[in-house]
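# Structural description and commentary
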Amino acid sequence: MSTRPGEQGRRDEAGPVKTRLNALLVAGLVVLLAGLVAYRSGYFNQIAITTMIFVILAASLNLITGTAGLLSLGHGAFFGVGAYAAALLSTKLGWPFWLTLPAAGAIAALVGAVVAVPTMRLTSIYFAVATLGIGEMIYVTLLNWVGVTRGPMGIRSIPGMEIFGLQGMVFNMAVTATLMLVALWLVHRLTHSYYGNSLRALREDDACADAMGIDVGRLKLQSFGMACCLAGVAGGLFAHTTGYISPESFRFGESILILSMIVVGGLGSIYGSIIGAVLLSVLPELLRDLGSYRMIAVGVVLFLSILFLPRGLVGEVSAIDLIRRQVKRDPNARRSAW
Amino acid sequence: MDPTVLLQQVVNGLSIGLVYALMAIGFTLIFGVLNVVNFAHGEVYTVGAFIGLLAITALQPPLWMVLGMVLLGGGIAGYVLERLAFRPFRRFRDEASIKSKAMREATLLSSLAVSIIVREALELKFSGEMQTIAQTYLLQTPIQLGPITITDGNLIIFGLSVASLGALQFVLYRTRIGLAIRAVSNNVLGAQFVGIDTGRAITATFVVGSMLGAIAGIMVGLYQGAIFPQMGFEPGVKAFVAMVMGGLSSIPGAVVCALILGVSESVATQFFSDGWKAIVSYSFLLLTLWFFPSGIFGSKKEKM
């Protein structure tokens, strides 16, 4: 074998059919967005951007909840940390957008890591409770630290995205779409690899994974930090595209909405989180005519999908399938994903 | 600081802590028998308050009758909740399926879905605003007690909570169904082997737990004069915190921790502004989880 293991792994993953399908999907996305731009409706464009932001959030939550099995009930709060970081850096310090966005990701990851260190040895329901508590603490802080966050009034007139004079709705969409694709690719690489398999081992039985020589604590910390970072970037995008944020957008309900997306779509599946995010952010808009029934519809969709589709719309690629596929494609591979 | 003010806050805190305790018992009972978290418990509290409100506006019955209706309604709510959100996901076939993560997570999310539906339906029917309650039913008549002032609401909450706790002890330790509930929470398979109808025991647990939650809802609604669709969220989370601090399946632990939470929140308003007081319970939660990962009163072996 002359190829280096890294390259070989990549070739194994992306079979020709899958690559073609993905290319088709990206092309479809571009056409759809171009169509929306041509249609010149601010309303539809805003929905498209919000949907793409939710795709990032769902994919990042899927990394920790779907793949690593850490049920997080506070993901919306890290989204909020990113949004507030971006908003404050650009309104108070005048940082340009290309600096605030990475900063938003970094700050959210940092906050995530700081709160995660002590909670890492907690498992299952205790971890869920801890993230719920942390999420609420962040919300209360955003709401009451009036001197910095302006409390319930929120932050107004956040400057839009701008690089080299490029700005406006089309540019917003392009940036959001690009970052969404990057985030999806990142999560895909993290989950469809040896790394992803060790995360799955963590989910199935972390004591057993520990005994097999997997560094459970480090792995949990890394995946949680990365998911928070992506949520922070999504928050930055949200702040810059809407121009106004307030604590109410980052409360428990938001975390639950993101969780519902990945449950409906399928825990552990990237296509699933895309479908779930699109479904649950577009559905309420489609049902706008029904007025206040739309949140009920979200609840009903969630309930029915748990009842009838326990694995979600798109099931997860299980570790054993992944190995089988690799062995089939390259029987002589010295390093399969064992 | 003025000691009478402190005493006043402690009294207020005790009555709110008792309400958290009633809620926490519902959580704890259900966690005990099924090992799952019931996220719709906060909505049971809201439903209790709204049943009371409807009874008051429609019939103007005496207070004890309102409470009776709330108890009945809460029991029915618990029964329906169990049928809808828990029974379809339960498969007690073997050891593995009882401890399965899948069941735990499915019911967690299904109860969440039910809670969203209930809350939104209430909001649709009654709008999100505070409801007007007939003045005569508000439990806000002040009573001077030495240097501190309490309201009749404090006394009624105190009395009713203690009575409910007593009734719970009676049900759990003096009746057949209570014996069944304790057996199921101890060991489901063992209970099945000795011929206990586990389905019935679990339903009974939901009914009892939801009755306590509903009664807590109407008492707080009348005491604070605020009944609205979102009211269940805060006490629900606080009760959840109390349950975790108490060690997930220990009822005395949950009650003690609920009282600690209530009093410390109430006293904290002396030091911080009102908005920050929620931080207190979450800090308690995190500190407990860091230093006592399985709760203050939890046994060591019950590690989830």
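Computed from a predicted model, the values in this text were never measured in an experiment.

### A short note on the overall build of chain B
The number of helices and strands found in chain B is 12 helices and two strands. Helices and strands appear in chain B in the N-to-C order α-α-α-α-α-β-β-α-α-α-α-α-α-α. Taking 304 residues into account, the globule formula puts the C-alpha radius of gyration at 19 Å, and chain B, at 19 Å, falls close to it. Dimensions along the principal axes, computed over C-alpha positions, put chain B at roughly 60 × 50 × 35 Å. Out of the 304 residues belonging to chain B, those deemed buried represent 48%.

### Brief notes about the overall build of chain A
The helix and strand inventory of chain A stands at 15 helices and zero strands. A total of 338 residues make up chain A; the buried ones form 46% of that total. The contacts in chain A between residues at least 6 apart in sequence include a share of 77% that link residues at least 24 apart.

### A word on the interface of chain A and chain B
Where interface size is quoted, it is often the accessible area lost as the parts come together. With 30 residues of chain A in contact, the opposing surface of chain B contributes 28 residues. Listing elements by their share of the side of chain A that touches chain B, those giving two or more residues are helix H5 (97-119), helix H6 (124-144), helix H12 (252-265) and helix H14 (293-308) of chain A. Sort the elements by how many residues they give to the side of chain A that touches chain B and H6 of chain A lands first, with 11 residues. Here the residues of the side of chain A that touches chain B are counted per class, giving 21 nonpolar, seven polar and two charged.

### Considering the environment of Tyr 137 of chain B
Residues and elements named next belong to chain B. Turning to its location among the elements, Tyr 137 is positioned in the loop between helix H5 (101-126) and strand S1 (142-145). As a C-alpha pair, Tyr 137 and Phe 86 span 51 residues in sequence and 35 Å in three-dimensional space. Among residues more than four places away in sequence, those in contact with Tyr 137 are Ile 56, Leu 63 and Leu 222.

### Focus: the pairing of strand S2 (residues 148-151) of chain B
Residue and element names in this part refer to chain B. Relative to S2, S1 runs antiparallel, the two sharing four bridges. Counted as the bridge partner of Ile 143 is Ile 150 from S2. As consecutive antiparallel partners, S1 and S2 are separated by two residues, and within that stretch Gly 146 has a phi angle of approximately 65 degrees, a positive value.

### Regarding the confidence of the model for chain A
Residues at a pLDDT of 70 or more form 83% of chain A, whose mean pLDDT is 79. Confidence drops under pLDDT 50 across residues 1-14 of chain A; counting only partners more than four residues distant or on other chains, this segment forms 10 contacts.

### Looking at the packing of helix H10 (residues 233-246) of chain B against helix H11 (residues 251-268) of chain B
Residue and element names in this part refer to chain B. H11 packs onto H10 with a crossing angle of 125 degrees between their chain directions and a minimal axis gap of 8 Å. It follows from the interaxial angle that H10 and H11 lie oblique. The interaxial crossing formed by H10 with H11 has right-handed handedness. Judged by residue contacts, Lys 238, Ala 239, Val 241, Ala 242, Met 243, Met 245 and Gly 246 of H10 engage Gly 253, Ala 254, Val 256, Cys 257, Ala 258 and Leu 261 from H11. The residue inventory of the contact of H10 with H11, partitioned by class, reads 10 nonpolar, two polar and one charged.

### Structural notes on the environment of Thr 28 of chain B
All names here are of chain B. Mapped onto the elements of the fold, Thr 28 is located in helix H1 (residues 3-34). Owing to 26 C-beta atoms within 10 Å, Thr 28 belongs among the buried residues under this scheme. Residues Thr 28 and Arg 176, spaced 148 residues apart in sequence, show a C-alpha to C-alpha distance of 20 Å. Thr 28 has contacts with Met 243, Gly 246, Ser 249, Ile 251 and Ala 254, leaving out every residue within four places of it along the chain.

### A short note on the packing of helix H6 (residues 152-174) of chain B against helix H7 (residues 176-186) of chain B
All names here are of chain B. Viewed as axis vectors pointing N to C, H6 and H7 meet at an angle of 80 degrees, and their least axial separation amounts to 5 Å. Accordingly, the angle class assigned to the pair H6 and H7 is roughly perpendicular. Residues Val 171, Leu 172, Tyr 173 and Arg 174 of H6 lie in contact with H7, whose contacting residues are Gly 178, Ile 181 and Arg 182.

### Description of the confidence of the model for chain B
Residues and elements named next belong to chain B. In this model, chain B carries a mean pLDDT of 82, and residues with pLDDT of at least 70 account for 92%. Across residues 300-304, confidence stays below pLDDT 50; counting only partners more than four residues off in sequence or on other chains, it has eight contacts. Per the prediction output, this complex has pTM 0.81; the corresponding ipTM is 0.78.

### Notes on helix H2 (residues 41-59) of chain B
Counting along an α-helix, one turn takes 3.6 residues, and residues three or four places apart therefore face a common direction. Residue and element names in this part refer to chain B. Between its first and last C-alpha atoms H2 spans 27 Å; for 19 residues at 1.5 Å apiece the expected length is 27 Å, and the two agree. Counted residue by residue, H2 has 15 buried out of 19 residues, so it is predominantly covered. Directly after H2, the chain includes Gln 60, whose backbone phi takes a positive value near 50 degrees.

### A look at the nonpolar core
Ile 56 and Ala 108 of chain A together with Ala 24 and Ala 242 of chain B are the most contacted members of the largest nonpolar core, which has 188 residues in total. Among residues more than four places away in sequence, those in contact with Ala 24 of chain B are Ala 239, Ala 242, Met 243, Ala 254, Val 255 and Ala 258 of chain B.

### As for the environment of Ser 283 of chain B
All names here are of chain B. Structurally, Ser 283 is set in helix H12 (residues 277-291). Using a count of 14 C-beta atoms within 10 Å as the deciding quantity, one classes Ser 283 as partly exposed. It is 28 Å that separates the C-alpha atoms of Ser 283 and Leu 34, two residues lying 249 residues apart in sequence.

Rules behind the numbers
Residues numbered from 1 in each chain as written. Chains lettered and ligands numbered in written order. Predicted model: local features only at pLDDT ≥ 70, side-chain atom pairs only at ≥ 80, totals over all residues. Helix = DSSP H or I, 4+ residues; strand = E, 2+ residues; numbered from the N terminus. Rg over C-alpha atoms; globule rule 2.2 N^0.38 Å. Buried ≥ 20, exposed ≤ 12 C-beta atoms within 10 Å, placed from the backbone. Contact = placed C-beta atoms within 7 Å. Nonpolar A, V, L, I, M, F, W, Y, C, P; charged D, E, K, R; others polar. Pairing = 2+ DSSP bridges. pLDDT = per-residue confidence, 0-100. Axes fitted to C-alpha atoms, helices over the stretch in contact; angles between N-to-C directions. Parallel < 35°, antiparallel > 145°, perpendicular 65-115°, else oblique. Left-handed = near helix turned anticlockwise from the far one by under 90°. Expected span 1.5 Å × (residues − 1). Core = buried A, V, L, I, M, F, W, Y, C linked by C-beta atoms within 7 Å.

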